[in-house]
Amino acid sequence: MACLERCRCCADSRRHSSILYNILRSEEREASPAGPRQGLASRGCPCGTRRRVALRSPQVACKAASAVLVKTLRFVQNVPCFQELPLEEQLLLVRSCWAPLLVLGLAQDRVHFETVECAEPSMLQRILTTRRQGEQPPPRGPAPGRPHRGPDGPHLPSAGEIQAIKGFLAKCWSLDISTKEYAYLKGTVLFNPDLPGLQCTQYIEGLQREAQQALNEHVRLIHRGDEARFAKLNVVLSLLRSINANVIAELFFKPIIGAVNMDDMLLEMLCAKL
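Read on for an overview of the structure. (Residues numbered from 1 in each chain as written. Predicted model: local features only at pLDDT ≥ 70, side-chain atom pairs only at ≥ 80, totals over all residues. Heavy atoms only, no water.)

## Quick word on the packing of helix α10 (residues 179-190) against helix α11 (residues 201-222)
The geometry of α10 relative to α11 is characterised by a closest axis approach of 8 Å and an angle of 155 degrees between their N-to-C directions. On the basis of their axis angle, the class for α10 and α11 is roughly antiparallel. Our pair here, α10 against α11, has a crossing hand that is left-handed. When α10 is examined against α11, the residues Lys180, Glu181, Tyr184, Leu185, Gly187 and Thr188 are found in contact with a partner set consisting of Gln208, Ala211, Gln212, Ala214, Leu215, His218 and Val219. (Axes fitted to C-alpha atoms, helices over the stretch in contact; angles between N-to-C directions. Helix = DSSP H or I, 4+ residues; strand = E, 2+ residues; numbered from the N terminus. Parallel < 35°, antiparallel > 145°, perpendicular 65-115°, else oblique. Left-handed = near helix turned anticlockwise from the far one by under 90°. Contact = heavy atoms within 4.5 Å.)

## Points about the environment of Met269
Tracing the backbone shows Met269 in helix α15 (residues 262-271). With 199 residues separating them along the chain, Met269 and Val70 place their C-alpha atoms 8.0 Å apart.

## Concerning the nonpolar core
Among the nonpolar cores identified, the biggest contains 62 residues, and Phe82, Trp98, Ile248 and Phe252 are the most heavily contacted of them. Examining the composition of this core, we find that 12 residues originate from one element, helix α7 (residues 87-108), more than from any other. Setting aside chain neighbours within four positions, we find Phe252 in contact with Leu55, Ala61, Cys62, Ala65, Leu106 and Phe113. (Core = buried A, V, L, I, M, F, W, Y, C linked by side-chain atoms within 4.5 Å. Buried < 20%, exposed > 50% of the residue type's maximum accessible area, 1.4 Å probe, protein only.)

Written out as structure tokens, the structure reads:
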């Protein structure tokens, strides 16, 4: 039933976007302060989460994110156990976890950012454009969990993807996570033994276990009256799985440095003395 309602909602949206409908309803839209788009959002239409968004103040937000990335890699470099790993292992770990570590850093530094909706070309415009170029029309929407990609590469993140990031930040702020707790959470994320290609799997698994044990002991010592806090912090870790590294790169780094290869940049920063 929910599927039928969702399909009906999207069908109504397509029907209401016709030229004839817009002409007939133009006077009513002008008289209505809410407008058709707000009406759809108020009914919980899922289409709103797929709208493309960009940073309202990219210079400010991107500068803050870049500073957090530098601090994050400095933190990683100062972990003695991490330095004992071969460089190939270090790079593999950082490549896989830089985005969740960055988001944890954004939460720790309480970095706020706002986004604005960006107009996308209509389906008809995209069809006409691609036909002129002798190409097939691009797909209507992105695959689940992946940023939308077109002929020119990744497009802007969706509102739903930004909501996931902001929801994670709000969760962290509601728990008032301490500096030590953030450090143990970062250690748990950094030392991920499940990555394919790792050679020191048992050693890395032991480091992750130590980070979890240290977090548990710290919580029991400082938050004796909150028996559920350790579980709440592990929920924070589970929420990180919904954070897409491509979305983070598109949102916070592409506006200022363009289509940079994050792997190359991470390697350069990892080998530098930050």
